[in-house]
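Reading the structure
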Amino acid sequence: MLDLAGVNEKDVVYDLGCGDGRIVLAAARRGARGVGVDIDLQRIHEAQDNARRAGLGRRVSFLRASFFDVDLRRATVVTLYLLPGINIKLRPKLLFELRPGARVVSNNFDMKEWPADEQLVIYHRTLHKWIIPAWVQGVWSCYIARPNGRRRHMVLELHRRFQQVSGSAQLNGRRLYLVEGRIEADRLSFTLWHPQHLLPAIRFRCAVVGDQLRGTCHADSPGADAATWAWGGVRRS
Ligand SMILES: C[S@@+](CC[C@H](N)C(=O)[O-])C[C@H]1O[C@@H](n2cnc3c(N)ncnc32)[C@H](O)[C@@H]1O
């Protein structure tokens, strides 16, 4: 699980339902910081004893709590070995509290409509990994910088469902539709096209940095100008 998440010394790994602490201790052996959460006090005592015996007590902590009540904002990696129904109940908390780019790895159980970004079958088990997407949904006031120095204004409305992005844009008084929209961590990409092809399709790529978008775009039609233009935006709502 830790290999799939790519855990290293910069990570803060939360194991939700940590049992005897083995995942948290394995993360600490890689130099990461670890936090284990379990509702069962006896498991927490076992985990603390195991940490002491391994000499890793300073890199890890164990909390007796329900993981639904624990603030996950510090975590860069979350590991789960729970039940399918619990994974589904945790979905909104993971998507809301974890920062873009944080990784979630689940032993055996998936997240139903939230497709994994990567899977690994090992010892007859499937491990699933998700990368938390940036919060891109909303209305963005954007510009496209033309090579002649002129800027075109564009209003972009984005909707997100897990890693899939849909929406539309208003450019030059025309409504364009968004296809092939995808967000991975803070990297957003999509194509805008006009249903009657009155404008060439345009492919956009950008980074989402808080309430700003910054990237490049280019015409995506055969025979169109191959130039790349800078574009960006700020959140309106
Ligand atoms: C299958 S064990 C996983 C142990 C460890 N993560 C591992 O992979 O070896 C699941 C653990 O989740 C804990 N658990 C179940 N529901 C919980 C909840 N709501 N809050 C905290 N812990 C919970 C159980 O007490 C149990 O120790």
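Every value quoted in this text rests on a predicted model; they were computed, and no experiment measured them.

**A word on the overall build of the protein chain**
From N to C terminus, the protein chain includes 4 helices and 15 strands. On the principal axes, the C-alpha backbone points of the protein chain span a range of 70 × 30 × 30 Å. For the protein chain, the proportion of its 237 residues judged to be buried stands at 46%. In the protein chain, the proportion of contacts linking residues at least 24 apart, taken out of those at least 6 apart, comes to 47%.

**Notes on the domain arrangement of the protein chain**
Each domain of the protein chain was delimited in the assignment, giving domain 1 (2-131) and domain 2 (138-235). Relative to domain 2, the C-alpha centre of domain 1 lies at a distance of 36 Å. Listed per partner, the contact involves 11 residues of domain 1 and 7 residues of domain 2. Carbon and sulfur atoms make up 60% of the surface buried where domain 1 meets domain 2, a total of about 680 Å² over both sides. Run the count over domain 1 and domain 2 and you get 1 salt bridge. One can count 3 residue pairs in polar contact (both at pLDDT 80 or more) joining domain 1 with domain 2.

**Points about the sheet that holds strand β15 (residues 228-235)**
Overall, antiparallel pairing links the 8 strands, which are arranged β8-β9-β10-β11-β12-β13-β14-β15 in a closed barrel. Neighbouring strand axes in the sheet, compared pairwise and without regard to direction, differ in orientation by 30° on average.

**Overview of the site of the ligand**
Residues in close proximity to the ligand total 14 residues, the closest being Asp15, Gly17, Asp38, Ile39 and Phe67. Contacts to the ligand include Ile39, whose backbone N or O atom sits 3.1 Å from a nitrogen atom. Here a nitrogen atom of the ligand and a backbone polar atom of Phe67 are 3.0 Å apart. For the ligand, whose accessible area on its own is 610 Å², the fraction buried by protein is 74%.

**Looking at helix α4 (residues 84-97)**
In this model, α4 (14 residues) spans 20 Å end to end at C-alpha, consistent with the 20 Å of a helix rising 1.5 Å per residue. At Leu90, α4 shows its maximal bend, which comes to roughly 40°, and the proline Pro92 appears one to four places after that position. All of the buried residues in α4 are Asn87, Leu90, Arg91, Lys93, Leu94 and Leu95.

**Digging into the layout of surface pockets**
Taken as a whole, the largest pocket holds about 330 Å³ of empty space. Residue lining of the largest pocket: 15 residues in total, with Asp15, Gly17, Cys18, Ile23 and Tyr81 positioned closest to the centre. Going through the elements one at a time, α2 (22-29) and β4 (77-80) are the ones with two or more residues in the lining of the largest pocket. Of the residues contributing to the lining of the largest pocket, the split by class is 7 nonpolar, 4 polar and 4 charged. Here the second largest pocket is characterised by a volume of approximately 180 Å³. Lining the second largest pocket are 13 residues, and of these Pro100, Pro133, Ala134, Trp135 and Gly210 lie nearest its centre. A breakdown of the residues in the lining of the second largest pocket according to their chemical character gives 9 nonpolar, 1 polar and 3 charged.

**Some thoughts on the pairing of strand β13 (residues 202-209)**
Of all 8 residues in β13, 6 are buried; the element is thus mostly enclosed. In the sheet, strand β12 (residues 187-193) pairs with β13 via 6 bridges, with the strands oriented antiparallel. Note on β13: the bridge partner recorded for Thr191 is Arg203. Where β13 lies against strand β14 (residues 212-219), 8 bridges are found, and the strand directions are antiparallel. Bridge pairing in β14 links Ala207 to Arg214. In textbook terms, the turn of a hairpin is the stretch between consecutive antiparallel strands, and for β13 and β14 this stretch comprises 2 residues, one of which, Gly210, has a positive phi near 60°.

Calculation rules
- Residues numbered from 1 in each chain as written.
- Predicted model: local features only at pLDDT ≥ 70, side-chain atom pairs only at ≥ 80, totals over all residues.
- Heavy atoms only, no water.
- Helix = DSSP H or I, 4+ residues; strand = E, 2+ residues; numbered from the N terminus.
- Buried < 20%, exposed > 50% of the residue type's maximum accessible area, 1.4 Å probe, protein only.
- Contact = heavy atoms within 4.5 Å.
- Domains from an automatic or database assignment.
- Buried area = accessible area lost by both parts, 1.4 Å probe.
- Salt bridge = Lys/Arg side-chain N within 4 Å of Asp/Glu carboxyl O.
- Polar contact = N/O pair within 3.5 Å; in protein donor to acceptor, adjacent residues only side chain to side chain.
- Pairing = 2+ DSSP bridges.
- Axes fitted to C-alpha atoms, helices over the stretch in contact; angles between N-to-C directions.
- Near = heavy atom within 4 Å.
- Areas by Shrake-Rupley, 256 points an atom, 1.4 Å probe, with all protein chains shown as cover.
- Expected span 1.5 Å × (residues − 1).
- Bend = angle between axes of the 7 residues up to and from the residue.
- 1 Å grid on protein atoms, 1.4 Å probe; cavity = no way out; pocket = protein on both sides within 12 Å on 5 of 7 lines; lining within 4 Å.
- Points joined across faces, edges and corners; volume = space filled by probe spheres on them.
- Nonpolar A, V, L, I, M, F, W, Y, C, P; charged D, E, K, R; others polar.

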